[in-house]
Amino acid sequence: MADLRVLLHLVAVVHSIVGLYGFANIKFPADLMPFGVKFGGIWKYLTIWNTAMQVVYFTLSLLNDFIGSNELAPRRMPVTRKIKDYLFAAFLFPGAMLVTITFWGIMLVDRELILPKVLEPIFPDWLNHALHTNIVLFMLLELYSSFRQYPSRKSGLTGLLTFGIGYLTWVHVIHQQSGVWVYGIIEVLSMPLRIAFFAGVIGLSIGLYLFGELFNNGVWVRELWTLRSATKRSKST
């Protein structure tokens, strides 16, 4: 399991870097909005923030594989383990799920609102799946291969909501500076529907966090029970 875990982390780091590099080197038509907007660069998109966080997360995971610990309850929890476990719970799992669900959901309704067909010659399928599909696959493999204890719900949701509200603020800053919404679907919504859309995204993010917590606790139920039992015994002695 240890060797497979290291291999997973290495492949995920390379995969994420290739995805970022591939997207950064696409020459979008200057007159095709919102892709032609220069302000914000590639950091306009939640997809890129999520992929960049996967690079950070899986790099930390590799470091933890070699200089940290993947034990159930190490005597002293490595810093790499603390950081990566929090990143997974608060940002990576709900973020990857949100990107995949919203992207493919909008694609099914009207692809012109998220990835216009005219981009097919410069936006290959492998890159599309690297950025919008495989991210969830890596999260699921990571959830099953590495034990983690979720942070307190208050701590995890605080991190998630801070990032979520920060990103929505960034979307409005870009609109203020360029006059263009980052995502075409926002452009076609009326103000009431736009507010409902933003509220729905935040609500979905919270739901995905809770789902990740429940899923993780179900996969690692025996280990979590053992850990909690040992903690109770140590407190009683």
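Rules of the game
Residues numbered from 1 in each chain as written. Predicted model: local features only at pLDDT ≥ 70, side-chain atom pairs only at ≥ 80, totals over all residues. Heavy atoms only, no water. Salt bridge = Lys/Arg side-chain N within 4 Å of Asp/Glu carboxyl O. Helix = DSSP H or I, 4+ residues; strand = E, 2+ residues; numbered from the N terminus. Buried < 20%, exposed > 50% of the residue type's maximum accessible area, 1.4 Å probe, protein only. Axes fitted to C-alpha atoms, helices over the stretch in contact; angles between N-to-C directions. Parallel < 35°, antiparallel > 145°, perpendicular 65-115°, else oblique. Contact = heavy atoms within 4.5 Å. Nonpolar A, V, L, I, M, F, W, Y, C, P; charged D, E, K, R; others polar. Expected span 1.5 Å × (residues − 1).

Some words on the pattern of salt bridges
Part 1 of the reasoning: As enumerated under the stated definition, the model contains seven salt bridges in all.
Part 2 of the reasoning: Of the charged contacts, one joins D85 and R81 as a salt bridge, the two residues approaching to 3.1 Å between their closest N and O atoms. One end of the pair is D85 and the other is R81, both in helix α3 (residues 79-110) and four residues apart, which spans about a single turn. Here D85 and R81 have matching classes, each one buried.
Part 3 of the reasoning: The salt bridge partner of D85 is K84, with a shortest N-O separation of 3.4 Å.
Part 4 of the reasoning: Overlapping salt bridges bring together R81, K84, D85, E142 and R148 as one network.

Topic: the packing of α3 against helix α4 (residues 125-132)
Part 1 of the reasoning: Between α3 and α4, the shortest axis-to-axis distance is 9 Å and the interhelical angle comes to 135°. Viewed along their axes, α3 and α4 adopt a mutual orientation that is oblique. In contact with V99, T100, F103 and W104 of α3, α4 contributes N128, H129, L131 and H132.
Part 2 of the reasoning: Considering only residue class, the contact of α3 with α4 consists of four nonpolar, four polar and no charged.

As for helix α2 (residues 46-67)
Part 1 of the reasoning: With 22 residues, α2 ought to run about 32 Å at 1.5 Å a step, and its terminal C-alpha atoms sit 31 Å apart, in line with that.
Part 2 of the reasoning: With 16 of 22 residues buried, α2 is to be regarded as a mostly interior element.

Concerning the side chain of S205
Part 1 of the reasoning: Here S205 is to be found in helix α8 (residues 191-219).
Part 2 of the reasoning: Take S205: its relative accessible area is 9%, and that puts it in the buried class.
Part 3 of the reasoning: The residues contacting S205, other than those within four sequence positions of it, are P94, L98 and L160.

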